[in-house]
Amino acid sequence: MMADNQAMGLSPCATPGTVCVLGIDLGTTSVKAALVVETAQGQIVTQSCSRETQAQADSPAAGAQGMEQDVQKIIKALNECLAAFPQEHLQRVSRIGISGQMHGVVFWKTNQGCKWAESGTGHTFQPGEVSHLITWQDGRCSSSFLSSLPQPQSHLSVATGFGCATIYWYLKNSPGFLKPFDAAGTIHDYVVAMLCDLERPLMSVQNAASWGYFNSRSKSWNTEILRESGFPLDLLPEVGDPGGIAGRMPHDWHGIPKGAEVGIALGDFQCSVYSCMTERTDAVLNISTSAQLTVPMPLGFQPPETPDSLSAVAYFPYFDGNYLAVAASLNGGNVLATFVDMLACWMAELGYDVLESRVYTQMINAALAQNATRLSICPTVFGERHMPEQLASVTSIAASELSLGHVTRALCHGIIQNLHSMLPFQHLKEAGVKRILGSGSALSRNDVLKQEVEKTFPLPVIYGKDVDAAVGAAMVMLHRR
Ligand SMILES: Nc1ncnc2c1ncn2[C@@H]1O[C@H](COP(=O)(O)OP(=O)(O)O)[C@@H](O)[C@H]1O
Ligand SMILES: O=C(CO)[C@@H](O)[C@H](O)[C@H](O)[C@H](O)COP(=O)(O)O
């Protein structure tokens, strides 16, 4: 559990008259929270906090291919982040912006999704009749299963881990699982629904597009296509515009006053971009659990009606009907986390316990002392959506180049080269990109990755902090008057 409570101690949030907004990011590895205030000097982050969720859970139905998270542990990490903020700051919060890991799906029973209780820091809620979160990393939907599904009327292909694909999987393989539930959404839609006591979940276009079978032009589900194949349409949330308000809290939450407005939940990636992209000539490179490299599409751009599953670049709905061209890799910080976990398991087998945080520190320092290597690693241990069969490989292995520094350097180089193969530097230049903005804590905490970014993309690179999506979610709420 990593406590990263960063209290800048600035008083603006407690100053009467300032607008104070709470931003939350329910990421795949950690929950981030940030208090952001609007001042004459612009927006200031006065408090931030992150907590690893350690939420990995067994996947009873899908076995080894499943990738599920325990919602209790995600909400526990969220509560710990908020409990770490000064009460007098939380009492000044007037709006809450919430982002999170897209594509995934959690099911719950209306009016029984959570239980509220008075705690030392005001009312808090604990999950009630709620399923695990089946995440975007879930691999239960095989290529053959996906090809058995109807063709979507959407510009985005349907991939394993997408909400609609997971629901189809349960319909076919374990229909009884769905019976107790009458509501579904992403994890951040669930939190918004609980905070606002919504009868029906409300989902933003950003998250609806990430589920599949959603037409972002007409802002509607492919209901006819879904109905004809027996899909449980009642599970689909209502859809609203990103930046809209989902409702007001009917009670206080961690001291945040009753009546505070809660925004419709947003994509973590779009919020990371929103936190830093200020020019249309900006590119954003986000490396958190996964990794994305993106440039904004021209205003008024509309994506094609049908998907191109072989393309490495997809068009993600952003704000105000605009789109981002995104090289969305399934291989980002999770590749390094897998390597660290592998090393820790080997050490344990050899009888040594090692702290993962120490492994990260040692491997990064070792690679900083090894600025080049012939060792070559294609890091795609998780495949890619456009090439699911391409798994990881290692070549040019010389006996003299097997140190921790060589391997870590080659891993970081491989992660960035993989992104470059999806959206090459030349394409950024042709699109008029003038600088790259880095976001995501896997990047902000790893100078080797930063070096590899700067070598591969010879443009000015500016790095954010490690709570970018949470700050972005708060900024959306500050800007949406
Ligand atoms: N101590 C550490 N030092 C450097 N990188 C780390 C450390 N701990 C975790 N990471 C990296 O951070 C990534 C998770 O980043 P995070 O922003 O928490 O993800 P998400 O937003 O997807 O929840 C991990 O996949 C891992 O690569
Ligand atoms: O897979 C895609 C897009 O297709 C990614 O944007 C993915 O949705 C996001 O990385 C997830 O939301 C997870 O985000 P994070 O946990 O890596 O921050």
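The preceding data block contains the structure.
Small disclaimer: the values here were computed from a predicted structure and weren't measured. Within any chain, residue numbers begin from 1 and follow the written order of that chain's sequence. Here chains are named by letter from A upward and ligands by number from 1 upward, in the order in which they appear as written. Where local features are concerned, this predicted model is filtered to residues with pLDDT of at least 70; where side-chain atom pairs are given and counted, the filter is 80 or more; whole-chain, interface and lining totals use all residues. Computation of side-chain values: all heavy atoms of the structure, hydrogens and water removed.

**Considerations on a negative patch on the surface**
Thought 1: The patches reported here contain residues having more than 30% relative accessible area and no salt bridge. Joining distances are 9 Å for like charges and 5 Å for nonpolar side chains (Val, Leu, Ile, Met, Phe, Trp, Tyr). Method for areas: the Shrake-Rupley scheme with a 1.4 Å probe, in which residue coverage is limited to the protein chains shown. A carboxyl oxygen of Asp or Glu within 4 Å of a side-chain nitrogen of Lys or Arg is what we treat as a salt bridge. Only four residue types enter the charge count: Lys and Arg as positive, Asp and Glu as negative, with His and the chain ends excluded. For this purpose, a charge sits on NZ of Lys, CZ of Arg, CG of Asp or CD of Glu. Together, Asp182, Asp197, Glu199 and Asp234 give the surface a local cluster of negative charge.
Thought 2: For the purposes of this entry, the term helix denotes a DSSP run of H or I that reaches at least four residues, the term strand denotes a run of E that reaches at least two, and both are numbered from the N terminus. Following the sequence through the fold, Asp234 ends up in the loop between helix 8 (223-228) and strand 16 (238-240).

**As for the site of ligand 2**
Thought 1: Taken together, 14 residues form the shell around ligand 2, and within it Thr28, Met102, Asp268, Ser290 and Arg385 come nearest.
Thought 2: Throughout this description, a polar contact denotes any pair of N or O atoms lying within 3.5 Å of each other; where both atoms belong to protein, one of them has to be capable of donating a hydrogen while the other can accept it, and for residues adjacent in sequence the pair is counted only when both atoms sit in side chains. Between an oxygen atom of ligand 2 and a side-chain N or O atom of His103, the distance comes to 2.9 Å.
Thought 3: Note that an oxygen atom of ligand 2 is positioned 3.2 Å from one of the backbone N or O atoms of Thr289.
Thought 4: Relative to its unbound accessible area of 420 Å², ligand 2 is 97% covered by the protein chains. When at least one non-hydrogen atom of a residue lies within 4 Å of a molecule or strand, that residue is treated as near it.

**Let's talk about the nonpolar core**
Thought 1: Judged by nonpolar contacts, the single largest core of 46 residues is most densely connected at Leu22, Ile96, Tyr190 and Trp253.
Thought 2: Every residue in contact with Leu22, bar those within four places of it in the chain, is listed here: Ala33, Ala34, Leu35, Leu82, Phe85, Val93, Arg95, Ile96, Gly97, Trp253, Ile256 and Ala474.
Thought 3: Core analysis: the next-biggest nonpolar cluster, separate from the first, contains 44 residues, Ala327, Met363, Ala367 and Leu443 among them. In these notes, a set of buried Ala, Val, Leu, Ile, Met, Phe, Trp, Tyr and Cys residues joined through side-chain atoms within 4.5 Å is what counts as a nonpolar core. Only protein chains enter the area calculation, which uses a 1.4 Å probe; residues under 20% of their type maximum are buried, those over 50% are exposed, and those in between are partly exposed. Residues count as neighbours in contact if any of their non-hydrogen atoms are within 4.5 Å of one another.

**Section: the sheet that holds strand 27 (residues 461-463)**
Two orientations exist for strands paired in a sheet by backbone hydrogen bonds: parallel and antiparallel.
Thought 1: Sheet architecture is open: six strands sit in the order 22-23-21-20-26-27, paired in mixed fashion. Two strands in the sheet have a free side with no partner beyond their single neighbour: strand 22 (313-317) and strand 27. Ignoring strand direction, the axes of neighbouring strands in this sheet form an average angle of 25°.
Thought 2: Here three bridges tie strand 26 (residues 435-439) to strand 27, and the two strands are oriented parallel to one another. Paired strands, as defined in this entry, are two strands with at least two bridges between them according to DSSP. Interaxial angles span 0 to 180 degrees and are taken between N-to-C directions of axes, which are lines fitted to C-alpha atoms, for helices over the stretch in contact.

**Observations concerning the packing of aromatic side chains**
Here the distance between the centres and the angle between the planes together describe a pair of aromatic rings.
Thought 1: Stacked, tilted and edge-to-face pairs are distinguished by plane angle, under 30 degrees for stacked and over 60 for edge-to-face with tilted covering the rest, among Phe, Tyr and Trp rings (Trp via its six-membered ring) whose centres lie within 6.5 Å. One pass over the full model with this rule turns up 19 aromatic pairs.
Thought 2: Taking the centre distance of 6.1 Å and the plane angle of 50° together, the rings of Trp211 and Trp221 count as tilted. A residue pair is termed long-range when its members are at least 10 positions apart, and Trp211 in helix 7 (residues 205-211) and Trp221 in strand 15 (residues 220-221) qualify at 10 residues. Trp221 shares its class with Trp211; the two are buried.
Thought 3: Aromatic pair Tyr318 and Phe319: ring centres 5.0 Å apart, planes at 70°, arrangement edge-to-face.
Thought 4: The positively charged end of Lys450 is found above the aromatic ring belonging to Tyr463, 4.8 Å away from the centroid. Criterion for a charge above a ring: Lys NZ or Arg CZ within 6 Å of the ring centre, and within 35 degrees of the ring normal.

**A word on helix 4 (residues 163-173)**
Thought 1: Most of helix 4 is tucked away: eight of the 11 residues are buried.
Thought 2: All of the buried residues in helix 4 are Gly163, Cys164, Ala165, Thr166, Ile167, Tyr168, Trp169 and Tyr170.

**Examining the side chain of Ser210**
Thought 1: Within the secondary structure layout, Ser210 lies in helix 7.
Thought 2: Once residues within four sequence positions are removed from consideration, Ser210 is found in contact with Met102, His103 and Phe162.

**Observations concerning the pairing of strand 2 (residues 19-26)**
Thought 1: Within strand 2, seven of the eight residues are buried, leaving the element largely enclosed by the surrounding structure.
Thought 2: Taking the residues between adjacent antiparallel strands as the criterion, strand 2 and strand 3 (residues 30-39) are bridged by three residues.

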